[in-house]
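Structural overview for review
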Amino acid sequence: MPGRIGEIAVTADAGLPDTLRDLPVWTPTPVELADLELILAGVYRPLNGFLGSYDTAMVIAGRRLSDGTPWPVPVTLTVPKELTGHERIVLQDPEGVPLAVLRVTEAWQDPASREMRLAGPVEALRSPAHGPFHRLRRRPDELTPREGNVLAVATRDFLHRKQLGQLRQVAEQLGAQVLVLPLLGGEHDDSLIRALLAVRRELPDGAQIIPVPLPPRGGDDEEERDILLRAQVAAAYGATHLLADREVEGTAIPVVVPEPWAYDADVEVWRPVARIEPDHVQAELTPERLNELLDAGEPVPDWFTPPAVAAELAVARPPKASRGITVFFTGLSGSGKSTIARGLADALVERGGRTVTLLDGDVVRRMLSSGLTFSRADRDLNIRRIGFVAAEVTRHGGTAICAPIAPYASTRAEVRRMVSAVGDFILVHVATPLEECERRDRKGLYAKARAGLIPEFTGISDPYEEPDDADLTLDTTDMTPDEAVGKVLDLLVEGGWVRPA
């Protein structure tokens, strides 16, 4: 999420010029921060900053900058409207550390999203702080130039026995040294790097591993543009070839697609399909089947991946029974969601095996969001705060149960994304009709809203956007609380998150 606008809190030893003290600051999104780091490191050369409207349009339409230089993806910076009148902006990381100054050459509005964006060159203030495995991080200009061919593997995925064999084969064919670029930007980056370090002995001698911040971007023709960008990054690090599973025209360096490999059940090795008798080809473990094994806590077979990689897979995707989960209830005031949420929390505590955190809408309003109004902006902020806490509970293997009204679909989707990045998310729509909610109205809120005493009241003077992505829908009009809790428990048991009673 973007950060706040404000002034830099500069310490005496920060070494920043006084001229920066009064500049506005902005925290870019994770993708924009990754782009900023790669711009400053020279990985995105010839880019020296964020793109303007014309360059962006040219890249989207033809994968070229306005001067004709090939470039695969838009590199843009989105800001709130109030920042568009400034000539310089300080860009900071989420902890408030200033990273760079943007000299604004254009403020423009994206025609599709209507978001405001700033363009212009950036000047580094300091290097980004890196956490685990910082010793592996390198700028291209910190590497010793290599002679001959260099084969790069730029990956967000674990390398299993098949991919390791293909990599060795292609490297031998090219007579190339190997450069592995784990692309960071997910929640399991550490597991990915540990898995790659664990199989280092199975890589060709001298293989180098350099983590690179490059989150997936999404958008149209994402796969092709992603390969183009990987090739651009690999070339910046001195690679002469990129290993990928498909060819794309216009890459910065040649893409090499390995020949098909399979597991030869007769001799129990992975090797090219052309060398295996057809009846000896063992069916590959599909991603779906791999996820099923991990979800159930079953071992990943040794023929598929080295044990050290299997161990990291289990860390990245724990069994459902021990994986963090958020159960998010949404519905009108008086629909029964708080009652069901409390009942679910009690039932899970009684069964044992899970830590439970209940984030009820009213309690959160008092303890976490005190001072917020019921404007749309403040409602969204309240739900984001709930989502942040729920995601942290989920990240650490706990069970978060949330019961706000959460009337807006876009904010619920934002919470789903936050939680799904670190665990599992279940949306329960308590779809009790408005008439029944009004009839219950123990607090007299609906009556006050209809009398105009409570403005922006959901269901009366403010909309409730019914979810079309609910995992479970409940109408409690003719349902007891115990019956409703039972239906949610059934869903969790069937999904493997909760053990049967």
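This section reports on the structure supplied with the text. The structure presented is a predicted model; accordingly, all values stated were derived computationally and were not measured.

What counts, and at which threshold
Residues numbered from 1 in each chain as written. Predicted model: local features only at pLDDT ≥ 70, side-chain atom pairs only at ≥ 80, totals over all residues. Heavy atoms only, no water. Patch = residues over 30% accessible without salt bridge, like charges linked within 9 Å, V, L, I, M, F, W, Y side chains within 5 Å. Areas by Shrake-Rupley, 256 points an atom, 1.4 Å probe, with all protein chains shown as cover. Salt bridge = Lys/Arg side-chain N within 4 Å of Asp/Glu carboxyl O. Lys, Arg positive; Asp, Glu negative; His and termini not counted. Charge placed at Lys NZ, Arg CZ, Asp CG, Glu CD. Helix = DSSP H or I, 4+ residues; strand = E, 2+ residues; numbered from the N terminus. Buried < 20%, exposed > 50% of the residue type's maximum accessible area, 1.4 Å probe, protein only. Pairing = 2+ DSSP bridges. Right-handed = clockwise from strand over helix to strand, strands pointing away. Axes fitted to C-alpha atoms, helices over the stretch in contact; angles between N-to-C directions. Core = buried A, V, L, I, M, F, W, Y, C linked by side-chain atoms within 4.5 Å. Contact = heavy atoms within 4.5 Å. Phe/Tyr/Trp six-rings, centres within 6.5 Å; stacked < 30°, edge-to-face > 60°. Lys NZ or Arg CZ within 6 Å of the ring centre and 35° of its normal. Expected span 1.5 Å × (residues − 1). Arc of directions from axis to C-beta.

For the rest of this paragraph, the subject is a negative patch on the surface. Taken together, the side chains of Asp 266, Glu 268, Glu 277 and Asp 279 define an acidic patch exposed on the protein surface. The topology assignment puts Glu 268 in the loop between β15 (261-264) and β16 (269-272).

Inspection of the entire model under this criterion finds 29 salt bridges. A salt bridge links Arg 246 to Glu 223; the nearest nitrogen and oxygen atoms lie 3.6 Å apart. In this pair, Arg 246 is assigned in the loop between β13 (241-243) and β14 (255-256) and Glu 223 in helix α5 (residues 222-236), connecting sequence segments 23 residues apart. Of the residues examined, Glu 223 reaches a relative accessible area of 45% and is grouped as partly exposed. We note a salt bridge from Arg 271 to Asp 264, for which the minimum N-O separation is 2.8 Å. Arg 271 sits in the partly exposed class, given a relative accessible area of 26%.

Looking now at the pairing of strand β9 (residues 150-155). Of all 6 residues making up β9, 6 are buried, and the element is well covered by its neighbours. Burial along β9 is two-sided: the residues Val 150, Ala 152 and Ala 154 and Leu 151, Val 153 and Thr 155 are all buried. In terms of strand pairing, β9 meets strand β10 (residues 177-184) through 6 bridges, oriented parallel. Bridge pairing in β10 places Ala 152 opposite Leu 179. Where the polypeptide runs from β9 across helix α3 (residues 161-174) and back to β10, its parallel neighbour, the crossover connection is right-handed. Here β9 runs beside β13; their pairing, made up of 2 bridges, is parallel. Within β13, the position partnered with Ala 152 by the bridge is Leu 242.

On to the sheet that holds strand β19 (residues 356-360), then. Pairing is parallel in the open sheet, where 5 strands are placed in the order β19-β20-β18-β21-β22. Sheet topology places β19 and β22 (472-474) at the edges, where each strand pairs with a single neighbour. Pairwise comparison of adjacent strand axes, ignoring direction, gives a mean angle of 15° for this sheet. One ladder, built from 3 bridges, connects strand β21 (residues 424-430) with β22; its direction is parallel. Counterpart to His 429 in the pairing with β22 is Thr 473.

On to the nonpolar core, then. Membership of the largest hydrophobic core comes to 51 residues, with the highest contact counts inside it found for Tyr 44, Trp 71, Val 75, Leu 91, Leu 102, Val 122 and Leu 242. The greatest single-element share of this core, amounting to 6 residues, is contributed by α5. For Leu 91, the residues in contact, after removing those within four places along its chain, are Trp 26, Pro 28, Leu 36, Phe 50, Leu 77, Val 97, Pro 98, Leu 99, Ala 100, Leu 102 and Val 122.

All right, on to the environment of Ile 89 then. Examined against the element boundaries, Ile 89 turns out to sit in strand β5 (residues 88-92). For Ile 89, a relative accessible area of 0% gives the class buried. As for Ile 89 and Arg 103, which are separated by 14 residues in sequence, their C-alpha atoms are 6.8 Å apart. For Ile 89, the contacting residues outside a window of four places in its chain are Pro 24, Trp 26, Leu 83, Ala 100, Val 101, Leu 102, Val 104 and Leu 118.

What follows is about the packing of aromatic side chains. The tally for this structure, following the rule as stated, stands at 7 aromatic pairs. For the ring pair Tyr 44 and Trp 71, a centre distance of 5.2 Å and an interplane angle of 80° mean the geometry is edge-to-face. You can see Tyr 44 sitting in the loop between α1 (30-40) and β3 (49-50) and its partner Trp 71 sitting in the loop between α2 (53-62) and β4 (77-79), a full 27 residues away along the chain. Its relative accessible area of 0% is what places Tyr 44 among the buried residues. Here Trp 71 falls in the buried class, since its relative accessible area comes to 1%. By way of ring pairs, the aromatic residues Tyr 263, Trp 270, Trp 303 and Phe 304 are connected into one cluster. Over the face of the ring belonging to Trp 497 we find Lys 320, whose NZ or CZ atom lies 4.2 Å from the ring centre. Its guanidinium or amino end placed over the ring of Tyr 408, Arg 376 lies 3.8 Å from that ring's centre, counting from NZ or CZ.

All right, on to helix α14 (residues 481-495) then. For α14, with 15 residues, the first-to-last C-alpha span of 21 Å sits near the 21 Å given by 1.5 Å per residue. Taken together, the buried positions of α14 are occupied by Ala 484, Val 485, Val 488, Leu 489, Leu 492 and Gly 495. The buried side chains of α14 occupy one side of the element, clustering within an arc of 135° when seen end-on. Of the exposed residues in α14, the ones pointing more than 90 degrees away from its buried face are Asp 482 and Glu 494. Turning to α14, the residues buried within the fold contact β18 (325-330), α8 (337-351), β21 and β22. One or two residues past the end of α14 sits Gly 496, with phi positive at roughly 90°.

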